[in-house]
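What the coordinates show
Each chain is listed here by its residues.
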Amino acid sequence: MSIRIEDVSKSYSSYPALDRVSLEIEDGEFVALLGPSGSGKTTLLRVIAGLEEPEAGRVWFGQRDVTDTSAASRGIGFVFQHYALFGHMTVAQNIAFGLTVMPRASRPSKADVGSRVEELLELVQLPGLGARYPSELSGGQRQRVALARALARKPKILLLDEPFGALDAKVRRELRGALRSIHDDLGLTSIFVTHDHEEAFTLADRVALLNTGRIEQFAVPSEVENAPASQFVRDFLA
Ligand SMILES: Nc1ncnc2c1ncn2[C@@H]1O[C@H](COP(=O)(O)OP(=O)(O)O)[C@@H](O)[C@H]1O
Ligand SMILES: [Mg+2]
């Protein structure tokens, strides 16, 4: 599903977190939002998700203007920076959560939920761990569960806010590989927030560099590396 962000602005008590941001993401693309802390990455992701309302501008998913659509009706999956798993629920219950809260008429049967959970555990390479509790998993495994949960309702768009930020380098690399192949296999359109340029360059088809609420450059990694669009980009990559 393509995503078009048109002249989006958002401020917090008159401080502009996003300043007339425009971005066009193609169907099937993997885009990284890269920038220093406070540059507006999370705010932009939350506006796309429908968790923040922009003061100005529009957001389009394909031909659909979703600016006034609630987050729940946008059909997106979201993975947060910190583990947002429910500690009192098993892995299987966490993954099934989004399915079990669907309106009765569209809710899948218990058996269908069970087989969907098994399928998702396979997808994130955690087969057989459905009965565990989050406290019995490693950090990397927990983020795999968070990813499975975000994918339960078969979203076409996946949004991830620094999902591997708390993990060590080796686990991060493993999860990057797993995420990129899931993105490709499912034909998702994904937006991945990070402040780590190596992570952005290895994962993404294109990278959007943010600086104080504005896009400095939006290009393929090799172009950002070889032809930085501004002094800010040069300094950020140095
Ligand atoms: N809920 C909020 N209330 C007030 N200011 C906020 C809020 N969320 C973000 N900001 C401010 O908006 C700017 C952008 O923040 P954010 O989008 O979180 O940046 P990033 O994710 O790139 O670190 C920062 O200056 C931040 O302090
Ligand atoms: Mg952030």
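Each remark here, short or long, concerns the structure printed above.
This text gives an overview of the structure that appears in the document.

Quick notes on the rules
Residues numbered from 1 in each chain as written. Chains lettered and ligands numbered in written order. Predicted model: local features only at pLDDT ≥ 70, side-chain atom pairs only at ≥ 80, totals over all residues. Heavy atoms only, no water. Near = heavy atom within 4 Å. Polar contact = N/O pair within 3.5 Å; in protein donor to acceptor, adjacent residues only side chain to side chain. Areas by Shrake-Rupley, 256 points an atom, 1.4 Å probe, with all protein chains shown as cover. Helix = DSSP H or I, 4+ residues; strand = E, 2+ residues; numbered from the N terminus. Nonpolar A, V, L, I, M, F, W, Y, C, P; charged D, E, K, R; others polar. Buried < 20%, exposed > 50% of the residue type's maximum accessible area, 1.4 Å probe, protein only. Contact = heavy atoms within 4.5 Å. 1 Å grid on protein atoms, 1.4 Å probe; cavity = no way out; pocket = protein on both sides within 12 Å on 5 of 7 lines; lining within 4 Å. Points joined across faces, edges and corners; volume = space filled by probe spheres on them. Core = buried A, V, L, I, M, F, W, Y, C linked by side-chain atoms within 4.5 Å.

Lining the immediate environment of ligand 1, one finds Y12, Y15, A17, P36, S37, G38, S39, G40, K41, T42 and T43. At a separation of 3.1 Å, an oxygen atom of ligand 1 approaches a polar backbone atom of G40. Look at ligand 1: alone it shows 560 Å² of surface, and the protein chains cover 60% of it. Taken together, the elements giving at least two residues each to the shell around ligand 1 come down to β2 (15-25) and α1 (41-49). Considering every element that reaches the shell around ligand 1, the biggest residue donor is α1, with 3 residues. Considered class by class, the residues forming the shell around ligand 1 number 4 nonpolar, 6 polar and 1 charged.

Another point: the environment of F236. Tracing the backbone through its elements, the reader meets F236 in helix α8 (residues 231-237). Given the relative accessible area of 18%, F236 is considered buried. When the C-alpha atoms of F236 and Q141 are compared, they prove to be 31 Å apart, with 95 residues separating the residues in sequence. Setting aside residues no more than four positions away along its own chain, F236 makes contact with L34, G35, P36, H195, H197 and L209.

A few words now on α1. Along α1, 7 of the 9 residues are buried, which leaves the element largely enclosed by surrounding structure. For α1, the complete set of buried residues consists of K41, T43, L44, L45, V47, I48 and A49. The positive-phi residue at the C-terminal boundary of α1 is G50, with phi of around 90 degrees.

Take the layout of surface pockets next. What the largest pocket holds in volume is close to 590 Å³. If you trace the largest pocket, you find 20 residues lining it, with I76, G77, F78, A150 and R153 closest to the centre. Secondary structure elements with two or more residues in the lining of the largest pocket: β6 (76-79), α2 (91-100) and α4 (139-151). Looking at the lining of the largest pocket residue by residue, the classes come out as 15 nonpolar, 3 polar and 2 charged.

At D7, a residue that is not glycine, the phi angle is positive and equals roughly 50 degrees. Inspection of the secondary structure puts D7 in strand β1 (residues 3-12). Residue D7 is classed as partly exposed on the basis of its relative accessible area, which comes to 35%. In the Ramachandran plot, R20 falls in the positive-phi region, its phi being about 50 degrees despite a non-glycine side chain. Take R20: its relative accessible area is 57%, and that puts it in the exposed class.

Counting 46 residues, the largest nonpolar core has I95, L147, L158, L179, V207 and L209 as its most contacted members. It is α4 that provides the largest number of residues to this core, a total of 6 residues. Those residues in contact with I95 that sit more than four places away from it in its chain are V117, L120, L121, V145, A148, R149 and A152. I25, L33, V47 and I191 belong to the second-largest nonpolar core, a separate cluster that totals 25 residues.

Attention shifts here to the environment of I25. Its place among the elements puts I25 in strand β2. Sequence-wise, I25 and L179 are 154 residues apart; in three dimensions their C-alpha atoms are separated by 18 Å. Contact partners of I25, with chain neighbours within four places excluded, come to S2, I3, V31, T189, I191, R206 and F218.

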